[in-house]
Amino acid sequence: MNLLKFIKFFALRSTHVRTTLNAGMREAQTGEIVVDDVEPATLRALLRFLYCDELACDGEHALELLALADRFALDTLRSHTERLVIQSSDFDDLETLLYLADMAKRYSATHLLRLTMNALRTDFTRVQVIEALSDVQVSDEAQNLI
């Protein structure tokens, strides 16, 4: 594959790459963009999206693809990947919610951040209610109803 043609094509889709090329950085001289910190499946999903406008990614690689979308300022990919993360995530698990909230903030995934924060608020309220109820004395009759 002619990397120089590819990098120019990539620049059409990414403001970050376009700015990098116009600033005369190393990528402009070499015609290469090094992406060595991602799984091959994630890189294939990025390339497929760039060439075909298709999101071909499973939930396992969705957060990594979201990171690439943020890294290269690919807003459409970020939006599609954000939806995939939402669809494939467990919003009932507190640890997952905290992790997703962190990733959403890090990668500018505003919809995901809003959803995780709402879920965390709901969980926090549920914990407060459970703690408040744990101090309440329940009669034997009421206990049988529970």
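Fair warning: this is a prediction, and the values are worked out from it, not measured in the lab.

Undergrad: Residue-level account of the nonpolar core, with values.
TA: In this structure, L46, L65, L68, F72, L74 and L77 are the most contacted members of the largest nonpolar core, which totals 28 residues. Among the elements of the structure, α1 (3–13), α4 (40–52), α5 (59–71), α6 (75–87) and α7 (94–106) are those that each provide at least two residues to this core. Among the elements that take part in this core, α5 stands out by supplying 6 residues, more than any other. Beyond its immediate stretch of four places on either side in the chain, L46 contacts L65, L68, F72, L74 and L77.

Undergrad: Describe the packing of α5 against α6, listing the residues and the values that go with them.
TA: The N-to-C vectors of α5 and α6 enclose an angle of 160 degrees; their axes lie 9 Å apart at closest approach. Between α5 and α6, the angle is such that the two are roughly antiparallel. Here the hand of the crossing between α5 and α6 comes out left-handed. Contacts from A62, L63, L65, L66, A69 and D70 in α5 reach L77, R78, T81, E82, L84 and V85 in α6.

Undergrad: Run through unusual backbone geometry, naming residues and quoting values.
TA: The backbone phi angle of D53 is positive, close to 55 degrees, even though this residue is not glycine. Tracing the backbone shows D53 in the loop between α4 and α5. For A73, which is not a glycine, the phi torsion comes out positive at approximately 55 degrees. Tracing the chain through its elements places A73 in the loop between α5 and α6.

Undergrad: Quick rundown of the pattern of salt bridges? Include the residues and the values.
TA: For the structure on display, the rule yields 5 salt bridges. Note that R71 and D37 form a salt bridge whose closest N and O atoms lie 3.0 Å from each other. Taken as a pair, R71 in helix α5 and D37 in the loop between α3 (26–30) and α4 lie far apart in primary sequence, 34 residues in all. Close ionic contact of D70 with R78 constitutes a salt bridge, the shortest N to O distance being 2.6 Å. Note on D70: relative accessible area 24%, which makes it partly exposed.

About the criteria used
- Residues numbered from 1 in each chain as written.
- Predicted model: local features only at pLDDT ≥ 70, side-chain atom pairs only at ≥ 80, totals over all residues.
- Heavy atoms only, no water.
- Core = buried A, V, L, I, M, F, W, Y, C linked by side-chain atoms within 4.5 Å.
- Buried < 20%, exposed > 50% of the residue type's maximum accessible area, 1.4 Å probe, protein only.
- Helix = DSSP H or I, 4+ residues; strand = E, 2+ residues; numbered from the N terminus.
- Contact = heavy atoms within 4.5 Å.
- Axes fitted to C-alpha atoms, helices over the stretch in contact; angles between N-to-C directions.
- Parallel < 35°, antiparallel > 145°, perpendicular 65-115°, else oblique.
- Left-handed = near helix turned anticlockwise from the far one by under 90°.
- Salt bridge = Lys/Arg side-chain N within 4 Å of Asp/Glu carboxyl O.

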